[in-house]
Amino acid sequence: MSGGTVTTVSSNGTYSFTKPNRESITLLAGLGVEADVHAGVTVKHRSRVAQDPTQPNLRQVHLIHAELFDEVAGAGFEVAPGDLGENVTTRGIDLLGLPTGTLLHLGAQAVVEVTGLRNPCAQIDNFRHGLLKQVLGRDENGEIVRKAGIMGVVLIGGEVRPGDPVRVELPAGPHRPLERV
């Protein structure tokens, strides 16, 4: 795995399911996306805050592979970058196949450590009825397959723009597969 490209960046300072696309976003070490509602040292997702507001925020940055939009389009769903609430849309990287602890070098400076899989929720069906079944399925063994992107924390801040390269740095083995965070 060498890398891919950032196709779109998105952020939103208020709670809403989708995030508007931006010309650039700034990642802040230990916090997430500057001026994004999910930035912070502790959890910001409403369901997580309700459970325990002191939990560390392992979901500072949400990344989705643009190939997912191609896949769901084949099933009749029109989904654009930012629609599912992601901050960074990539192309050319198997995000879901990365191991926990992978470092993603975004643009000239920023580094995001992959913490796990996004757990898609019913809000996806509120956005497009039936879409949840496209991004949450089961494999041949009956195990849940989550396809709605990955989450990470910012280790090194920096500006990220569409067209920026993404370089993948795998952790030392043995590799641990991604789990939901």
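Reading the values: rules and limits
Residues numbered from 1 in each chain as written. Predicted model: local features only at pLDDT ≥ 70, side-chain atom pairs only at ≥ 80, totals over all residues. Heavy atoms only, no water. Phe/Tyr/Trp six-rings, centres within 6.5 Å; stacked < 30°, edge-to-face > 60°. Lys NZ or Arg CZ within 6 Å of the ring centre and 35° of its normal. Helix = DSSP H or I, 4+ residues; strand = E, 2+ residues; numbered from the N terminus. Contact = heavy atoms within 4.5 Å. Core = buried A, V, L, I, M, F, W, Y, C linked by side-chain atoms within 4.5 Å. Buried < 20%, exposed > 50% of the residue type's maximum accessible area, 1.4 Å probe, protein only. Pairing = 2+ DSSP bridges.

**Side note on the packing of aromatic side chains**
All told, the structure shown has one aromatic pair when counted by the stated rule. Sitting over the face of the ring of phenylalanine 127, arginine 128 holds its NZ or CZ atom 4.1 Å from the ring centroid.

**Describing the side chain of serine 11**
Checked against the element boundaries, serine 11 lands in the loop between strand 1 (3–10) and strand 2 (21–22). Residues within four places of serine 11 in sequence aside, it is in contact with Lys19, Pro20, Arg22, Ile25, Val33, Asp36 and Asn87.

**A word on the nonpolar core**
Ranked by internal contacts, the top residues of the largest apolar core, which has 23 residues, are Leu27, Leu104, Leu106 and Ile150. Elements with a contribution of two residues or more to this core: strand 1, strand 3 (25–28), strand 5 (61–65), strand 7 (103–106), strand 8 (110–117), strand 11 (150–156) and strand 13 (165–169). With four residues, the top contributor of residues to this core is strand 8.

**A look at the pairing of strand 8**
Buried residues dominate strand 8, accounting for seven of its eight residues. Pairing of strand 7 with strand 8, which is carried by four bridges, proceeds in the antiparallel orientation. Bridged to leucine 103 within strand 8 is glutamate 113. A loop of three residues connects strand 7 with strand 8, the two strands running antiparallel in sequence, and glycine 107 in this loop sits at a positive phi of about 65 degrees. Here strand 8 runs beside strand 11; their pairing, made up of six bridges, is antiparallel. When the sheet's bridge partners are listed, valine 111 is paired in strand 11 with isoleucine 156.

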